[in-house]
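# Coordinate inspection notes
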Amino acid sequence: MTKYIILSAALFSIGTFGVLARRNILIIIMSIELMLNGVNIALIAFARQYADTTGQVFVLMVMGVAAAEVAVGLALLIAMFRNKKTVDTGDLTMLKE
Amino acid sequence: METNIVFIVCAVVSVVSAILVVTRRNPVYSALFLMLCFVAFAVLFLNLNAYFIAAMHMMVYTGAILVLFLFVIMLLNLKKEELGKEYGFGNKLLLSFLCMLLFTILAALVYGVGFAPAKSLPSRFGSIEAVGNAMFSDFVLPFELLSVLIIVAMIGGIILAKRKL
């Protein structure tokens, strides 16, 4: 049990690093997926631990939210690339101008 | 639960490929390592008696989301100079230390709590039947709200990516 939660913490931390340290939006969205999956591992492990299906239903909900998030995120990315020809978050300063 | 060798192999594969996802410069490599990571996750889910979730994970993540990622990467067809700058080495080192600190805190908390031994499972735990029963009895409202969310995301995605409204 403990080892699964530790693995989940490790993946969450790696995802956090990806979100903070990268400037390519594609990789930031992938890192968010990694974080969500780290949480999924923890939920499944707790569902197994307490023999309760609720955790598994939650994981299905998280998957739905992740799919919605990726669809909207990639649509935003395409709209942004069409206007600015970049995927670098450092170049996205339109609101400041 | 105690199939140790499967866990060790999958944990190593998923952590290594996750690190490669966040460090590769080329997004295609990142997406392919992300796929490897998701496959390792699916095996871990099987190992935790979540059979239906493992199948859904393969279908939704490796089947749909990864294909969407690869499709967008190929569609953008990024040149090397369009990838943009990255932060310097010093910043990355500092951030990696911060994330290791986060991991250490989480791991210390988990060790500190400690868990009771696992309960014995009902016979059909993790099957489509069990998950479906829970989903369509106790969690009907969240399930319906989720479908509304996905419709909203679908329409939003189409409108955002459309050239002209």
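Treat the numbers as computed from the prediction; the structure is a model and nothing was measured.

## Details of the overall build of chain A
Within chain A one finds 3 helices and 0 strands. Tracing chain A from N to C terminus, the helices and strands come up as α-α-α. Rg of the C-alpha trace for chain A: 17 Å, well past the compact-globule value of 13 Å for 97 residues, more than 25% over. Expressed along its principal axes, the backbone C-alpha trace of chain A runs to roughly 55 × 25 × 20 Å. A burial count over chain A gives 65% of its 97 residues as buried. For chain A, the proportion of contacts with a sequence separation of at least 24, taken over those separated by at least 6, is 54%. Carbon and sulfur atoms make up 70% of the accessible area of chain A, which amounts to about 3,200 Å² in all. Both charge centroids of chain A, one from 8 positive and one from 6 negative side chains, sit 4 Å from each other.

## Quick look at the domain arrangement of chain B
Residue and element names in this part refer to chain B. Domain boundaries assigned for chain B yield domain 1 (1-79), domain 2 (87-113) and domain 3 (125-164). Its C-alpha centre places domain 1 at a distance of 22 Å from the equivalent point of domain 3. Of the roughly 370 Å² buried between domain 1 and domain 3 on both sides combined, carbon and sulfur atoms contribute 74%. For the domain 1 face of the interface with domain 3, the top three residues by lost area are Asn-49, Tyr-51 and Phe-52, together amounting to 85%.

## Some remarks on helix 3 (residues 51-76) of chain B
Residues and elements named next belong to chain B. For helix 3, built from 26 residues, the straight-helix expectation of 38 Å at 1.5 Å per residue is met to within 8% by its first-to-last C-alpha distance of 36 Å. Along helix 3, the largest kink reaches about 30 degrees and is centred on Leu-66. At the exit of helix 3 stands Asn-77, carrying a positive phi of roughly 50 degrees.

## Overview of unusual backbone geometry
Of note in the backbone geometry, Ala-51 of chain A takes a positive phi value of approximately 50 degrees without being a glycine. With respect to the helices, strands and loops of the structure, Ala-51 of chain A is situated in the loop between helix 2 (25-49) and helix 3 (54-84). The exposure class assigned to Ala-51 of chain A is partly exposed, which follows from its relative accessible area of 21%. At Asn-49 of chain B, a residue that is not glycine, the phi angle is positive and equals roughly 65 degrees. Mapped onto the elements, Asn-49 of chain B comes out in the loop between helix 2 (27-47) and helix 3. In this structure Asn-49 of chain B comes out as buried when scored by relative accessible area, which is 16%.

## Structural notes on the interface of chain B and chain A
Think of interface size as the accessible area that goes away when the parts come together; that is how it is often given. The partner chain A presents 69 residues to the 83 residues of chain B that form the contact. Buried area between chain B and chain A, both sides added, is near 7,100 Å², and the carbon and sulfur share of it is 77%. Inspection of the chain B/chain A interface yields 0 salt bridges. At the boundary of chain B with chain A, the tally comes to 7 residue pairs in polar contact (both at pLDDT 80 or more). Sorting the residues of the side of chain B that touches chain A by element identifies helix 1 (4-23), helix 2, helix 3, helix 4 (89-113), helix 5 (128-137) and helix 6 (140-161) of chain B as the ones contributing at least two each. No other element matches the 13 residues that helix 3 of chain B contributes to the side of chain B that touches chain A. Split by residue class, the side of chain B that touches chain A holds 61 nonpolar, 12 polar and 10 charged.

## Quick word on the packing of helix 2 of chain A against helix 3 of chain B
Packed helices, taken two at a time, are described by the angle their axes make and the gap between the axes. For the pair helix 2 of chain A and helix 3 of chain B, the least separation of the axes is 12 Å and the interaxial angle reads 175 degrees. One finds that helix 2 of chain A runs roughly antiparallel with respect to helix 3 of chain B. Only Ile-53, His-57, Tyr-61, Ile-65, Phe-69, Val-72, Ile-73 and Leu-76 of chain B of helix 3 of chain B make contact with helix 2 of chain A, whose side of the interface consists of Leu-26, Ile-29, Met-30, Glu-33, Asn-37, Asn-40 and Ile-44 of chain A. Partitioning the contact of helix 2 of chain A with helix 3 of chain B into residue classes produces 11 nonpolar, 3 polar and 1 charged.

## Let's talk about the side chain of Ser-30 of chain B
Position of Ser-30 of chain B among the secondary structure elements: in helix 2. The exposure class assigned to Ser-30 of chain B is buried, which follows from its relative accessible area of 0%. Not counting residues within four places of it along the chain, the set of residues in contact with Ser-30 of chain B comprises Ile-27 and Met-30 of chain A together with Leu-20, Val-21 and Arg-24 of chain B.

## Side note on the confidence of the model for chain B
Residues at a pLDDT of 70 or more form 98% of chain B, whose mean pLDDT is 88. For this predicted complex, the interface score ipTM comes out at 0.90, alongside a pTM of 0.89.

Criteria and cut-off values
- Residue indices follow the written sequence of each chain, beginning from 1 at its first position.
- Here every chain gets a letter starting at A, and every ligand a number starting at 1, in the order they are written.
- Note on the predicted model: pLDDT of at least 70 is required for a residue's local features to be given, and 80 or more for side-chain atom pairs to be given and counted; whole-chain, interface and lining totals, by contrast, use all residues.
- Working from all heavy atoms in the structure, the side-chain values ignore hydrogens and water.
- Think of it this way: any DSSP run of H or I at least four residues long counts as a helix, any run of E at least two long counts as a strand, and we number them from the N terminus.
- What the globule rule says is 2.2 Å times the number of residues to the power 0.38, and the radius of gyration is computed from C-alpha atoms.
- Only protein chains enter the area calculation, which uses a 1.4 Å probe; residues under 20% of their type maximum are buried, those over 50% are exposed, and those in between are partly exposed.
- Note on contacts: a residue pair is in contact if any heavy atoms of the two residues lie within 4.5 Å.
- Accessible areas in this description were obtained via Shrake-Rupley with a 1.4 Å probe; residue shielding takes into account the shown protein chains only.
- Positive charges are assigned to Lys and Arg, negative charges to Asp and Glu, while His and the chain termini are left out of the count.
- A charged residue contributes its charge at one atom only: NZ of Lys, CZ of Arg, CG of Asp or CD of Glu.
- Domain start and stop positions are those given by an automatic or database domain assignment.
- Note on terms: buried area is the combined drop in 1.4 Å-probe accessible area of two parts once they are placed together, counting the loss on both.
- Expected span of a helix: the number of residues minus one, times 1.5 Å.
- What we call the bend at a residue is the angle made by axes fitted to the seven residues finishing there and the seven residues starting there.
- Any Lys or Arg side-chain nitrogen found within 4 Å of a carboxyl oxygen on Asp or Glu counts as a salt bridge.
- For this analysis, a polar contact is any N or O atom pair within 3.5 Å, provided that within protein one partner can donate a hydrogen and the other can accept it, and provided that sequence-adjacent residues contribute only side-chain to side-chain pairs.
- The residue classification treats Ala, Val, Leu, Ile, Met, Phe, Trp, Tyr, Cys and Pro as nonpolar and Asp, Glu, Lys and Arg as charged. All others, Gly included, are polar.
- Angles here are taken between N-to-C directions and fall from 0 to 180 degrees, while the axes themselves are lines fitted to C-alpha atoms, restricted in helices to the stretch in contact.
- Just so you know how the angles are binned, under 35 degrees is roughly parallel, over 145 roughly antiparallel, 65 to 115 roughly perpendicular, and the rest oblique.
- pLDDT is defined as a per-residue confidence score from the predictor, taking values between 0 and 100.

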